[in-house]
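The primary structure of each chain is shown beneath.
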Amino acid sequence: MNAMCDISGAADLLATACDALTQELLPLLPKERRYVGLMIGNALGIASRELQTGAAADAGEAQRCAMLLARSGIPLSPSIEAGPAALAQLRRALCDAIRAGRFDESGAQAALMEHLTRTASDWVSISNPKALNSTGEGE
Amino acid sequence: MSAASPATAAVRTPMAAIAHWLQRETGAREVRITRLERLPGGAIQENWTLDVTIVGGEWAGVHEWVLRTDAPSFVVASLTRSQEFAVLRVAHANGVIVPQPLFVCGDDTVTGRQFFVMKRIPGIAAGHRLTRDPGLIPDGEALAETLGANLARLHAIAPPQPALDRVLPPPKSNHALATVADYRAYVDTRNDAHPALEWALRWCEIHAPRPAAATLIHRDYRTGNYMVDAGRLTGVLDWEFAGWGDPSEDLGWFTARCWRFARPDLEAGGIARSEAFLDGYEGASGRQVTRRDLEYWQVMAQIRWAIIALQQAQRHLAGGERSLELALTGRIVHELEYEVLAIIAEARQ
């Protein structure tokens, strides 16, 4: 994210803070405060990973979602613009199509499953990468 | 926002009121409360250790009880304490292993909130401990079998039950489809869209099983909600979500991946293989549980947990309850979506 700069960016700061917390502070916390320490470490880790790959995950999801809708012959409203609002609208359009049964047919279902699984796994690798390892799948 | 719990003051000051109320309930000459302490856990309901010494009347003696009351902050669609007490009493009368329900106070002028009193049972409920420490459950298969048989006794309770007539809403003609409609109604109140959940709901709509005869179901029967002492089941807790419905919902919830804690490889609540649990259940109920049924209700379980996680996130973001724990619970949604897609993919093959 910060390739042009030789000082720590946001993601690196959070990751480093997370390490300092878990290695240096956590062992010193009294037992009844340990859980809070673990939660803070967890939150810092998620935030750091989201800064690194969240935007790419969103961009990939938006692109796949638009293709999926187009291939299924679902017209997109011309009001969909670029940016984060576009993804929200694409997701909404996909939800409407799913509920209307537009992905019930086996081939469409397979394409939908592939898109949803990819999106979910991108976000699990941000929110809880360990969960990907435990099911034997990863990037 | 103060860190101190307002509940402490709210229930501690009416200690005398509780003692007085218990004196009338037990027909005692005198009731002395020797201990009243909040037990950990319980975001919606609070459980308090209640030790009493009773002088006179049929309850004369020293007792170790638990007082269960609403937490002050947050109410989801679940039973009131007096409704929960009525369900617990029916379950207990039908041989389900539960803490024995004793007295109920539906009058919220006594302490400001409804509450009931039940016998205290020994043991540990914490799911991460039970699934991690083999010393706590030396024989997981035997415990799972007991839990299955115990659930079968609950599912033997069918409507109509006069004691539950005005307590539970009547059963739906198609529990699965009614559940899909409920979850969609919630999803539709949100500003954000969740395609994976939407697809899982559509999948549940297309694959809805034929309606089963409704029975009493617990709707939160899982590791973390039962007490284990010396490896044995001492009681099933938390009856606030009970209702009439398809009994397979409880089987899917119990075996769902999200309730296996440290042992995702052990399908029966992280304590045993699913066969042990289902053997106990099928033996005691005479019902046959198909893999398809189990998978269907596991998908529904993941959806339900995802919706609860979204609600927790909303409490933090918009409900005036800023909390790191609630915020992080919201992030579980990704994992639940990923897992629900994996179950659907397997079921498609």
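All values derive from a computational prediction rather than experimental measurement.

Calculation criteria
- Residues numbered from 1 in each chain as written.
- Chains lettered and ligands numbered in written order.
- Predicted model: local features only at pLDDT ≥ 70, side-chain atom pairs only at ≥ 80, totals over all residues.
- Contact = placed C-beta atoms within 7 Å.
- Helix = DSSP H or I, 4+ residues; strand = E, 2+ residues; numbered from the N terminus.
- Nonpolar A, V, L, I, M, F, W, Y, C, P; charged D, E, K, R; others polar.
- Core = buried A, V, L, I, M, F, W, Y, C linked by C-beta atoms within 7 Å.
- Buried ≥ 20, exposed ≤ 12 C-beta atoms within 10 Å, placed from the backbone.
- Domains from an automatic or database assignment.
- Axes fitted to C-alpha atoms, helices over the stretch in contact; angles between N-to-C directions.
- Parallel < 35°, antiparallel > 145°, perpendicular 65-115°, else oblique.
- Left-handed = near helix turned anticlockwise from the far one by under 90°.
- pLDDT = per-residue confidence, 0-100.

**Some points on the interface of chain B and chain A**
On the chain A side, the residues contacting the 20 residues of chain B number 26 residues. Sorting the residues of the side of chain B that touches chain A by element identifies α7 (195-206) and α11 (324-348) of chain B as the ones contributing at least two each. No other element matches the eleven residues that α11(B) contributes to the side of chain B that touches chain A. For the side of chain B that touches chain A, the class distribution of residues is twelve nonpolar, one polar and seven charged.

**Observations concerning the nonpolar core**
Residues and elements named next belong to chain B. In this structure, A200, F277, V299, I303, A306 and V340 are the most contacted members of the largest nonpolar core, which totals 110 residues. Looking at this core, the element that brings in the most residues is helix α10 (residues 291-318), giving twelve residues. Two domains share this core, each providing at least three of its residues, namely domain 1 (6-119) and domain 2 (127-348). Discounting chain neighbours no more than four positions away, the residues touching V340 are A196, A200, V299, Q302 and I303.

**Digging into the environment of F115(B)**
Residue and element names in this part refer to chain B. Its location among the elements puts F115 in strand β5 (residues 115-119). On the neighbour-count criterion, F115 (28 C-beta atoms within 10 Å) is buried. Here the alpha-carbon distance between F115 and L67, two residues 48 residues apart in the chain, equals 6.7 Å. When residues no more than four places from it in sequence are discounted, the contact partners of F115 are L67, R68, T69, R81 and C105.

**A closer look at the environment of P101(B)**
Residues and elements named next belong to chain B. Of note, P101 is situated in strand β4 (residues 101-105). For P101 and V90, which are eleven residues apart along the polypeptide, the C-alpha to C-alpha distance reads 9.7 Å. Once you skip the residues sitting within four places of it in the chain, P101 turns out to touch F85, L88, R89, H92, F116 and M118.

**Observations regarding the packing of helix α8 (residues 248-255) of chain B against α10(B)**
Helix packing for two helices is described by the angle between their axes and how far apart those axes are. Residue and element names in this part refer to chain B. Packing of α8 against α10 leaves a shortest axis separation of 7 Å and a crossing angle of 70°. In terms of orientation, α8 and α10 fall into the roughly perpendicular class. Between α8 and α10 lies a crossing of right-handed hand. Contacts from S248, E249, L251, G252, W253 and T255 in α8 reach D293, L294, Y296, W297, Q298, M300 and A301 in α10. The residue inventory of the contact of α8 with α10, partitioned by class, reads seven nonpolar, four polar and two charged.

**Here we look at the confidence of the model for chain A**
All names here are of chain A. In this model, chain A carries a mean pLDDT of 89, and residues with pLDDT of at least 70 account for 87%. Put simply, helix α5 (residues 129-134) is where chain A has its lowest mean pLDDT, 80, and helix α4 (residues 106-127) is where it has its highest, 97. The low-confidence segment residues 135-139, where pLDDT is below 50, has six contacts with residues more than four positions distant or belonging to other chains.

**Quick look at the packing of helix α2 (residues 31-71) of chain A against α11(B)**
Following both chains from N to C, one finds α2(A) and α11(B) inclined at 45°, their axes separated by 10 Å at the closest point. The pairing of α2(A) with α11(B) is recorded here as oblique in orientation. The element α2(A) and its partner α11(B) pack so that their crossing is left-handed. Together, M39(A), I40(A), N42(A), A43(A) and I46(A) of α2(A) and L324(B), E325(B), L328(B) and R331(B) of α11(B) make up the contact between the two elements.

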